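# Observations on the three-dimensional arrangement
Next come the chains, spelled out residue by residue.
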Amino acid sequence: MIKQFIETLSQKNKSLKHLYSLIREHGPVSKSELIERTGLKQTTCTRLIDELIEKQLIVESGLGESSGGRKPLIYQINPDYYYLFGVDISRTHTKVLLMDLNLDIKEEALFSMNEESTPEVTINFIENEIINMLHTHQLNTSRILGIGIGAIGPLDRENGKILNPIDFPTKGWNNVPIGKILSEKFDTKVLLDSGVNTAVVAEYKKGLDKEVHNIIYCLSGIGIRVGILNDGHLVHGPADNLGLFGQGHMVVNIHGRKCVCGSYGCMHAYSTIPAIKEEVIHSLKRGHDSVLQEKLNDVGQVTFSDICWAVQENDALCSHIVKDAAYYTGVGLSNIINILQPQLVILNGPIHTQMDLFYEVTKDIALKRTTTIYPGYDVQFSRGELGENAAAIGAGSMVFDYYL
Ligand SMILES: [Zn+2]
């Protein structure tokens, strides 16, 4: 039935779809609240609810709060009517989640991206995990509503292609028709969007307090990606598919460092894992004091984990470099915040989650440069509620949204 919601509908089916969408969004919810939200007559609403129950699209989920008399029955969607797969492809990992329609995770699998993670290897991993999960949960492909993918751009969303992302640990990621491949393999709908966009959708639909409708989501790691939710809607621009590198190339220092994009002083040139690593290596080679000098035989081999460890040990050199990198993210973010005035800024990705110092400095700088301009503007910051699963959860949610 949900799959038919996408087709041209009779008036009755439109009403069923509308009611079902409201129950998904606000459930568990009582009949009187649904009548209030839809303006339907009580008899019509009762008839539609009965039909949704009969078709097993919704279930009674207990009794709600009484506003005087008897406690009312409340309704929610049947989470097991269909299942969703959410896939997150980043430069560091690929994750596959099996979820029910409440976006509750039934099973997950993770694959680290390394020099061998060609598109073939990665897609093989995704296909095998989907097959294994279907088998474990005794589901056949007809029970799958679809597969959503959140990936690194640039993307051709319409045709489900990953175009030519930079900084992947292996070559071959050029015009990869992942949507077509998975859709043919599993005979199901496959949708593709940027992982940061799916992450912000996931936090909105699943993670957060429902009153927050304006959110900026910044993912920092090997690159920087920003997703924007405005009044509950994802912002897509006409150049979404063309952007070579994403939003990390906002200039934060016009006379600054040369960036890989050819410009000078981009956030990307300061605030990514490769940029921080390069700074640390340069300083160690120049002989600056650091706990890393004793830990490593070859300072040229310093890793992101080494730097995280050194920062935790209060190493002055690494702490200084990390604060400096966070400063530039804070400046870039304050530019975006001052224009869009979101209620919430979510900072996620390995740099923010594995280095409290980076997260705190970014937040302080962005906040300082925002409240100076708008005194009393109370923008909130967090690392999100869904952690590293956000991009994959939102990818699955995107498929459900498509049908509704
Ligand atoms: Zn750049």
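Report on the accompanying structure. Keep in mind the model is a prediction, meaning the values are calculated, not measured. (Residues numbered from 1 in each chain as written. Predicted model: local features only at pLDDT ≥ 70, side-chain atom pairs only at ≥ 80, totals over all residues. Heavy atoms only, no water.)

Let us now look at the overall build of the protein. Within the protein one finds 13 helices and 15 strands. Computed over C-alpha atoms, the radius of gyration of the protein comes to 24 Å, within 12% of the 22 Å expected from 2.2 N^0.38 for 404 residues, which places it in the range of a compact globule. Based on the C-alpha atoms only, the size of the protein along its principal axes is roughly 80 × 50 × 40 Å. Considering the protein as a whole, with its 404 residues, one finds that 51% of them fall into the buried category. Residue pairs in contact within the protein that sit at least 24 positions apart in sequence constitute 62% of those at least 6 positions apart. For the protein, the exposed area adds up to about 19100 Å²; of that, 47% sits on carbon and sulfur atoms. When the 37 basic and 47 acidic side-chain charges of the protein are each reduced to a single mean position, those positions are 5 Å apart. (Helix = DSSP H or I, 4+ residues; strand = E, 2+ residues; numbered from the N terminus. Rg over C-alpha atoms; globule rule 2.2 N^0.38 Å. Buried < 20%, exposed > 50% of the residue type's maximum accessible area, 1.4 Å probe, protein only. Contact = heavy atoms within 4.5 Å. Areas by Shrake-Rupley, 256 points an atom, 1.4 Å probe, with all protein chains shown as cover. Lys, Arg positive; Asp, Glu negative; His and termini not counted. Charge placed at Lys NZ, Arg CZ, Asp CG, Glu CD.)

In terms of burial, strand β7 (residues 144-151) is largely enclosed, as eight of its eight residues are buried. Across six bridges, the pairing between strand β4 (residues 83-89) and β7 is parallel. Looking at the pairing, Leu 84 lines up with Gly 146 of β7. As paired strands, β7 and strand β10 (residues 189-194) are joined by six bridges and run parallel to one another. The residue bridging Ile 149 from the neighbouring strand is Leu 192, located in β10. (Pairing = 2+ DSSP bridges.)

Okay, the coordination of the zinc ion next. Looking at the metal site, the zinc ion is ligated by His 249 (ND1), Cys 259 (SG), Cys 261 (SG) and Cys 266 (SG), spaced 2.0 to 2.3 Å from it. Each of the four donor atoms bound to the zinc ion contributes to angles spanning 102 to 124 degrees, and the resulting shape is tetrahedral. Coordination of the zinc ion draws on donor residues from a single chain, spaced H-x9-C-x1-C-x4-C in sequence. Placement of His 249 in the loop between β13 (233-234) and α7 (273-285) and of Cys 259 in the loop between β13 and α7 is noted, with a sequence separation of 10 residues between them. With a relative accessible area of 16%, His 249 lands in the buried category. Classification of Cys 259 as buried rests on a relative accessible area of 6%. (Donors = N, O, S within 2.8 Å, 3.2 Å for Na, K, Ca; no water. Tetrahedral: all angles 85-135°; square planar, octahedral: opposite > 155°, others 65-115°.)

This brings us to the side chain of Thr 329. By the element assignment, Thr 329 lies in helix α10 (residues 316-340). Looking at Thr 329, the relative accessible area reads 0%, which means it is buried. Every residue in contact with Thr 329, bar those within four places of it in the chain, is listed here: Met 267, Ser 271, Phe 358 and Thr 362.

Of note, the amide linkage connecting Gly 27 to Pro 28 takes the cis form, showing an omega dihedral of -5 degrees. By the secondary structure assignment, Pro 28 is in the loop between α1 (11-26) and β1 (29-30). Across the junction of Gly 153 and Pro 154, the peptide omega takes the value 0 degrees, indicating a cis bond. Tracing the backbone shows Pro 154 in the loop between β7 and β8 (155-156). With a phi close to 50 degrees, Asn 175 is a non-glycine residue in the positive phi region. Within the element layout of this structure, Asn 175 appears in the loop between β9 (161-162) and α5 (178-186). Taking the relative accessible area as the measure of exposure, Asn 175 reaches 47% and is therefore partly exposed. Although it is not a glycine, Asn 314 adopts a positive phi angle of roughly 60 degrees. Locating Asn 314 in the fold gives a position in the loop between α9 (304-312) and α10.

The next subject is the pattern of salt bridges. One pass over the full model with this rule turns up 13 salt bridges. The partner of Asp 100 in a salt bridge is Lys 106, with the nearest N and O atoms 3.7 Å apart. For Asp 100, a relative accessible area of 3% puts it in the buried group. Linking Asp 401 and Lys 205 is a salt bridge whose minimum nitrogen-to-oxygen distance equals 3.3 Å. Taken together, the residues span a long stretch of sequence, with Asp 401 in helix α13 (residues 390-403) and Lys 205 in helix α6 (residues 195-207) at a distance of 196 residues. (Salt bridge = Lys/Arg side-chain N within 4 Å of Asp/Glu carboxyl O.)

It is worth spelling out the sheet that holds β1 at this point. Pairing is antiparallel in the open sheet, where three strands are placed in the order β1-β3-β2. This sheet does not close on itself; its edge strands, each paired only once, are β1 and β2 (58-63). Of the strands in this sheet, β2 and β3 (73-77) are in contact with helix α3 (residues 42-54), which crosses β2 at around 110 degrees. (Axes fitted to C-alpha atoms, helices over the stretch in contact; angles between N-to-C directions.)

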